[in-house]
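So the chains spell out like this:
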Amino acid sequence: MAASVVNKNAHAFDKSRLEALLNRRFFYAPAFEIYGGVAGLYDYGPPGSSLQANIIAEWRKHFIIEESMLELDTTIMTPAPVFETSGHVARFADWMVKDTKTGDVLRADHLVGGVLEARLAGDKEARGQAAAPPSDDKKKKKKAAKSAAVKLDDEVVKEYEIVLAQLDNYTGPDLGELCRKYNIRNPDTDNEVGEPQQFNLMFASSIGPTGQHPGYLRPETAQGHFLNFSRLLDFNNGRVPFASAQIGRSFRNEISPRAGLLRVREFTMAEIEHYVDPEDKSHERFADVSSQVLTLLDRKVQEAGSSQTIQMTVGEAVATGVIANETLGYFVARIYQFLVKIGINPQRLRFRQHMGNEMAHYATDCWDAEIQNSTGWTECVGCADRAAYDLTVHSDKTGHPLVVRQALKEPIVTEKEVAEWNKKALGKTFKADAGVLQKVVEGLPESELLRMKSELANGSTIVSEEFKLTPEHLTIERKVFKQSIREYTPNVIEPSFGLGRILYTLLEHSFWAREQDVERGVLSLPPLVAPTKVLIVPLSAREEFAPLVQEVSSKLRKAGVFSRVDDSNTSIGKRYARNDELGTPFGITVDFASVQKRTMTLRERDTTDQRIGTIDEVIDVVSELVQGNIDWAQACERLPAYDGVQAVE
């Protein structure tokens, strides 16, 4: 008998039911809750911690192991000069506005977007295109009143849609103008808001007992990679391209974190810095992903006021210049493959290119992997071409050369005009200006040096309209140079993953309710990342089952399958329902037939189908299911259906 078909769309997604489940099963909860909590800080419980650990384990396998990356673990506390040099102190900021009466602080772009989206939702309701979502929450009812059914003029609807499509591209003054133009107020108080002001997102601190060394909690792990570049290059035998990778905590003092795990102040990041020759951004494994189809939203479409996506292969996107180069395209494809592998719905995943004004100060191009959820489209992974920005600024600041020295197979022979100085005569004539004069001349292009050479042959030449040089001071000669070493600063391609956002959107994509009972929620987490892979359910807590339960647990451990035993007094059905909420994909029932005939039943979470086989057969099948070698349909071909009757004497 084939596997059953299950209808996961019988009930509309209900965020309140999911949040109740996650709270009840302690996936995560507000930190310091008994003290009233602090916005934007969360603690993960046992299933949430295991889920995150499994996502990280697969990330490490998918990227670090398969791509032969060099793993790092660098410090969180960072001296201020590092972030002053990187540009974070000056530019790592968001725009905020204040309620003019209460002083409440809101992030400006989120305020504009939320209010305009609410008005568009009210317009649709007024036109009979959508119904207002029901809510029993008084606070939510209050906010819903702000988006009551009001029909807008078609021109206004179009304006709002264009603003929303370009929202990430607006500057602070632009956002202030939008607030005035569209009378955008604080939705909680209906008060006006002030002019947008920049707010730096880094947490400031100090190092040492006297506080004389200012520092910051890092907002990203990237700087730890760049400052160790020379050591990494040496470890990699001086060869480029190569990549470093790091998983660790980062901190951002978000203005108004109100979206659960989607906007927090402390979070786990996984970042890759792939170093590449700026003159050759091809990738040796690009052919492996070139046929991968992606959903793309490029900057030109957004700047035209549209959010229309297109589907194309990575190969086509790179060939047509939509994605800048092969290495950037390769990592965009690998990001897609990773997210789909851990359970993100590919129909709700897109890659959006940054527009000019929203680009980070260090980036030349950037694509975000955005995942659709109940709040809209959320950036969960950024893939940026940081060019040579970071290595260059740190090298300039410290004097430490963060460069690659490449031995050339064939020396490069060049000829060029060179300034030869009589420094004694130069100093005597120009005194303090001599050094500046040298720098000016040596920085001139070849064409200017040739002009000066010709003029010197006639007696003299003028520099900077005031300095008269003669052959006594300077001669310009053509010399031959032989270059056997090429020295360059590599460019960096950076995929950066927000693991908390990925975890939450995965939970939303995995949640559904049984067709026959909306109260029975299920998390269809893939076995690859599910916190517990197999639930062992003895029929009761009777002592005669204990040796068999211990044997099954031991065999699963040896097979590398994480399992839990639930021998509580509740019914088997309730025990399975509880673990359906925890996302446990498989269950094994130990009953009297198991004791007498050494058979067990194997239950699949989504279909609730049960199969039967000997203990070793079931363990072999469940091991292959967890490892991804077979799916449930193939498992059904290997194990017969269980008819619900215990075959006991």
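Structure: above.
Residues numbered from 1 in each chain as written. Predicted model: local features only at pLDDT ≥ 70, side-chain atom pairs only at ≥ 80, totals over all residues. Heavy atoms only, no water.

Q: What's the story with the packing of aromatic side chains in this structure? I'm lost.
A: What describes a pair of aromatic rings is the distance from one ring centre to the other and the angle between the planes of the rings. Applying the stated criterion across every chain, the model contains 17 aromatic pairs. A centroid spacing of 5.7 Å and a plane angle of 75° characterise the contact between Phe430 and Phe467, whose relative ring orientation is edge-to-face. Taken together, the positions of Phe430 in helix H16 (residues 423-430) and Phe467 in strand S19 (residues 467-469) put the pair 37 residues apart, joining distant regions of the chain. Grouping residues by exposure puts Phe430 and Phe467 together as buried. Counting every residue linked through ring pairs, the aromatic cluster contains Trp59, Phe63, Phe338 and Phe497. The cationic tip of Lys416 hangs over the ring face of Phe481; the distance from NZ or CZ to the ring centre is 5.1 Å. (Phe/Tyr/Trp six-rings, centres within 6.5 Å; stacked < 30°, edge-to-face > 60°. Helix = DSSP H or I, 4+ residues; strand = E, 2+ residues; numbered from the N terminus. Buried < 20%, exposed > 50% of the residue type's maximum accessible area, 1.4 Å probe, protein only. Lys NZ or Arg CZ within 6 Å of the ring centre and 35° of its normal.)

Q: Help me understand unusual backbone geometry, please; the structure alone is not making it clear to me.
A: Apart from glycine, the bulk of residues carry a negative phi angle, and the bulk of peptide bonds sit in the trans form. Going from Val240 to Pro241, the amide bond is cis rather than trans, its omega being 10°. Within the secondary structure, Pro241 sits in the loop between helix H10 (229-235) and strand S10 (242-251). A positive phi angle is found at Asp190, which is not glycine, with a value near 65°. Here Asp190 shows up in the loop between helix H8 (172-181) and strand S7 (197-200). For Asp190, a relative accessible area of 41% corresponds to the partly exposed category. With phi around 60°, Thr608 is a residue other than glycine that occupies positive phi space. Residue position: Thr608 is located in the loop between strand S27 (599-604) and strand S28 (610-614). A relative accessible area of 35% places Thr608 in the partly exposed class.

Q: How should the sheet that holds strand S3 (residues 70-72) be read in this particular structure?
A: Note on sheets: strands pair through backbone hydrogen bonds, and any given pair is parallel or antiparallel. Sheet architecture is open: nine strands sit in the order S3-S10-S11-S21-S16-S15-S14-S12-S13, paired in mixed fashion. Two strands in the sheet have a free side with no partner beyond their single neighbour: S3 and strand S13 (310-313). When strand polarity is set aside, the average angle formed by the axes of neighbouring strands in this sheet is 30°. Running over the sheet, helix H2 (residues 46-65) touches S3, S10, strand S11 (266-276) and strand S21 (491-498) and is turned about 0° from S11. (Pairing = 2+ DSSP bridges. Axes fitted to C-alpha atoms, helices over the stretch in contact; angles between N-to-C directions. Contact = heavy atoms within 4.5 Å.)

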